[in-house]
Amino acid sequence: MVSCFRGFVVAWIVAMFASPAFAQSAAGKPVTYKGLEMSVASVERAASASLKDCPPGDNRVNAMTRPGEEFAVVTVKFKVLPAFQPNTMLKKPTLTDSAGKTYNTAVSFVDVGSVPEFSCAIPFRLPAGTAVTSVQIAATPLDLPK
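Residues numbered from 1 in each chain as written. Predicted model: local features only at pLDDT ≥ 70, side-chain atom pairs only at ≥ 80, totals over all residues. Heavy atoms only, no water.

K.L.:
Sorry, what's going on with the overall build of the protein here?
P.N.:
Within the protein, the secondary structure is distributed over two helices and ten strands. When burial is assessed residue by residue, the protein has 36% of its 146 residues classed as buried. Across the protein, contacts joining residues at least 24 apart in sequence account for 71% of those joining residues at least 6 apart. (Helix = DSSP H or I, 4+ residues; strand = E, 2+ residues; numbered from the N terminus. Buried < 20%, exposed > 50% of the residue type's maximum accessible area, 1.4 Å probe, protein only. Contact = heavy atoms within 4.5 Å.)

K.L.:
Any chance you could explain the sheet that holds strand S5 (residues 69-80) here in plain terms?
P.N.:
Sheet strands associate in pairs through backbone hydrogen bonding, adopting either a parallel or an antiparallel arrangement. The strand order S1-S2-S5-S8 describes an open sheet built from four strands, whose pairing is antiparallel. Every other strand in the sheet has two partners, leaving strand S1 (31-33) and strand S8 (117-127) as the edge strands with one partner each. Geometrically, the sheet is characterised by an average inter-axis angle of 35 degrees between neighbouring strands, direction not taken into account. (Pairing = 2+ DSSP bridges. Axes fitted to C-alpha atoms, helices over the stretch in contact; angles between N-to-C directions.)

K.L.:
Looking at this structure, I do not really get the pattern of salt bridges. What am I missing?
P.N.:
A side chain of one charge can pair with a side chain of the opposite charge when the charged atoms of the two come close. For the coordinates displayed, the defined rule picks out three salt bridges. For Glu-69, the salt bridge goes to Arg-66, with nearest N and O atoms at 3.1 Å. Exposure remark for Arg-66: the relative accessible area of 51% places this residue in the exposed category. When the shortest N-O distance is used, the salt bridge between Arg-125 and Glu-69 registers 2.9 Å. Taken together, the residues Arg-125 in strand S8 and Glu-69 in strand S5 connect sequence positions 56 residues apart. Here Arg-125 falls in the partly exposed class, since its relative accessible area comes to 27%. (Salt bridge = Lys/Arg side-chain N within 4 Å of Asp/Glu carboxyl O.)

K.L.:
So what exactly am I meant to see when it comes to the environment of Pro-93 here?
P.N.:
Here Pro-93 shows up in the loop between S5 and strand S6 (94-97). Sequence separation between Pro-93 and Pro-123 is 30 residues; the distance between their C-alpha atoms is 9.9 Å.

K.L.:
What is the right way to read the confidence of the model for the protein from this model?
P.N.:
When pLDDT is low, close inspection of the predicted coordinates is not appropriate. In the predicted model, the protein carries a mean pLDDT of 81, and the fraction of residues at 70 or more is 79%. Confidence drops under pLDDT 50 across residues 1-27; counting only partners more than four residues distant or on other chains, this segment forms seven contacts. (pLDDT = per-residue confidence, 0-100.)

K.L.:
Help me understand unusual backbone geometry, please; the structure alone is not making it clear to me.
P.N.:
Comment: phi is negative for the bulk of residues other than glycine, and the bulk of peptide bonds are trans. Residue Pro-55 follows Cys-54 across a cis peptide bond; omega there is -10 degrees. Inspection of the secondary structure assignment puts Pro-55 in the loop between strand S3 (48-50) and strand S4 (62-64).

K.L.:
What exactly am I supposed to notice about the packing of aromatic side chains here?
P.N.:
Geometrically, a pair of aromatic rings is defined through the distance of the ring centres and the angle of the planes. Counting across every chain of the model gives two aromatic pairs. Judged by centre distance (5.8 Å) and plane angle (80 degrees), the rings of Phe-78 and Phe-109 are edge-to-face. With Phe-78 in strand S5 and Phe-109 in the loop between strand S7 (102-104) and S8, this pair connects stretches of sequence that are 31 residues apart. Judged by relative accessible area, which is 14%, Phe-109 ranks as buried. Measuring from centroid to centroid gives 4.8 Å for Phe-78 and Phe-118, while their planes differ by 15 degrees, and the two rings are stacked. Here Phe-118 lies in strand S8 and Phe-78 lies in strand S5, a separation of 40 residues in the sequence. No difference in accessibility class separates Phe-78 from Phe-118, as the two residues are buried. Taken together, Phe-78, Phe-109 and Phe-118 form an aromatic cluster joined through their ring pairs. (Phe/Tyr/Trp six-rings, centres within 6.5 Å; stacked < 30°, edge-to-face > 60°.)

See below:
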């Protein structure tokens, strides 16, 4: 009986974490900046990363970490709203850790507004195990999932 109940609880937990509703709430709420809706979809750690422009274009350079480093790859979803002006310039995003230190990326925004919706995987090189808290795009902070 206990074994059956334990199996039910495990199945319920797996179903909750796999559900789209949980993924959406964990990723954070969308934030709008000058007609561009942005939301964090995920944060992954990796030893190598693509340095594609955003939205993805022709720049396809890859980067590798050195010993003691890793990439925090932040995937951000974008939606171009009617209020967006194509001449809006977005600076390169930055990442902030739990100590308040800021990290830069090589990824640039190019032709934002050329497609109505897109997502970008933005890599940040940082010391392995660094706890990150937010990504800033055009001075707009987006909280990262815990």
